[in-house]
Amino acid sequence: MEGQVKQQVAERVLCALEDIPDGQSKGFPAAPGAFTGLFAVRRGDRVWVYVNSCPHIGVPLDPVPDRFLDTKKQNIVCSTHGARFRIEDGFCTSGPCYGESLEAVPHRVDAEGRVLVPEDAGL
């Protein structure tokens, strides 16, 4: 629309896309001043980024670093309760938080292959 200025969102680099093995996941520490980290799942050139917190009681999902997926690499799994989430939208398909969703993080992959998220992601 005429007269409107698009506001720039401050971003931070999460990682290079190639740092996330294809078909797998990778966790990231919380941003400065935050308590909750993020994680990303990659399939080819596509990536999904979520806050690393189960919607049931807020615990991190990974039992060990970077292990967010089930053995078949088809679902995100909460290590505490076994809740299963779709990779594509974070929707819980089974477990104590059935019907809830992980908190998706807006992101983009720039021309240099870096995954960028808002500076305040996870706060």
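What counts as what
Residues numbered from 1 in each chain as written. Predicted model: local features only at pLDDT ≥ 70, side-chain atom pairs only at ≥ 80, totals over all residues. Heavy atoms only, no water. Helix = DSSP H or I, 4+ residues; strand = E, 2+ residues; numbered from the N terminus. Buried < 20%, exposed > 50% of the residue type's maximum accessible area, 1.4 Å probe, protein only. Pairing = 2+ DSSP bridges. Salt bridge = Lys/Arg side-chain N within 4 Å of Asp/Glu carboxyl O. UniProt positions renumbered as here; feature names shortened; annotations may be inferred. Polar contact = N/O pair within 3.5 Å; in protein donor to acceptor, adjacent residues only side chain to side chain. Contact = heavy atoms within 4.5 Å.

- As recorded in an unreviewed UniProt entry, the chain goes by Rieske 2Fe-2S domain-containing protein and comes from Neoroseomonas oryzicola.

Focus on the environment of E103
Here's step 1: In this fold, E103 is placed in the loop between β7 (92-94) and β8 (108-109).
Here's step 2: Under the relative-accessibility criterion, E103 is labelled exposed at 51%.
Here's step 3: Spatially, the C-alpha atoms of E103 and D89 are 9.2 Å apart, while their sequence positions differ by 14 residues.

With respect to the sheet that holds strand β1 (residues 11-16)
Where strands meet in a sheet, backbone hydrogen bonds hold them as pairs that are either parallel or antiparallel.
Here's step 1: Within the open sheet, the 3 strands sit side by side as β1-β9-β8. Their pairing is antiparallel. One side of each edge strand has no neighbouring strand; the edge strands of this open sheet are β1 and β8.
Here's step 2: Here β1 runs beside strand β9 (residues 114-118); their pairing, made up of 5 bridges, is antiparallel. Across the sheet, residue E11 finds its bridge partner in β9, namely P118.

Section: the pattern of salt bridges
Pairing is possible between side chains that carry opposite charge, provided their charged atoms lie close to one another.
Here's step 1: Scanning the entire structure with this criterion turns up 6 salt bridges.
Here's step 2: The closest approach of N and O atoms between R43 and E88, which form a salt bridge, is 2.7 Å. With a gap of 45 residues between them, R43 in strand β3 (residues 38-43) and E88 in the loop between β6 (84-86) and β7 connect regions that are remote in the sequence.
Here's step 3: The class for R43 is partly exposed, based on a relative accessible area of 32%.
Here's step 4: Under the relative-accessibility criterion, E88 is labelled partly exposed at 42%.
Here's step 5: With a shortest N-O distance of 3.6 Å, R114 and E112 are connected by a salt bridge.
Here's step 6: Judged by its relative accessible area of 63%, E112 falls in the exposed class.
Here's step 7: What emerges from the salt-bridge pattern is a single network uniting D110, E112 and R114.

Here's the deal with the UniProt feature "domain: Rieske" (unreviewed entry) in the chain
Here's step 1: Taken from the UniProt record, the annotation "domain: Rieske" (unreviewed entry) applies to residues 12-116.
Here's step 2: Annotated as 0% helix and 33% strand, the span residues 12-116 places its first and last C-alpha atoms 6 Å apart.

Topic: the pairing of strand β4 (residues 46-51)
Here's step 1: Among the 6 residues of β4, 5 are classified as buried, and the element is accordingly described as predominantly covered.
Here's step 2: The pairing of β3 with β4 spans 6 bridges and is antiparallel. Directly across from F39, in β4, lies its bridge partner Y50.
Here's step 3: Counting the residues that bridge the hairpin from β3 to β4 gives 2 residues, and of these G44 lies at a positive phi of roughly 65°.

Describing the side chain of S25
Here's step 1: Along the chain, the position of S25 falls in strand β2 (residues 25-28).
Here's step 2: For S25, a relative accessible area of 6% puts it in the buried group.
Here's step 3: Separated by 3.0 Å, the side chain of S25 and the backbone oxygen of D66 make a polar contact.
Here's step 4: A polar contact is formed between the side chain of S25 and the backbone nitrogen of F68, at a distance of 3.3 Å.
Here's step 5: Not counting residues within four places of it along the chain, the set of residues in contact with S25 comprises I20, A40, V41, D66, R67, F68 and L69.

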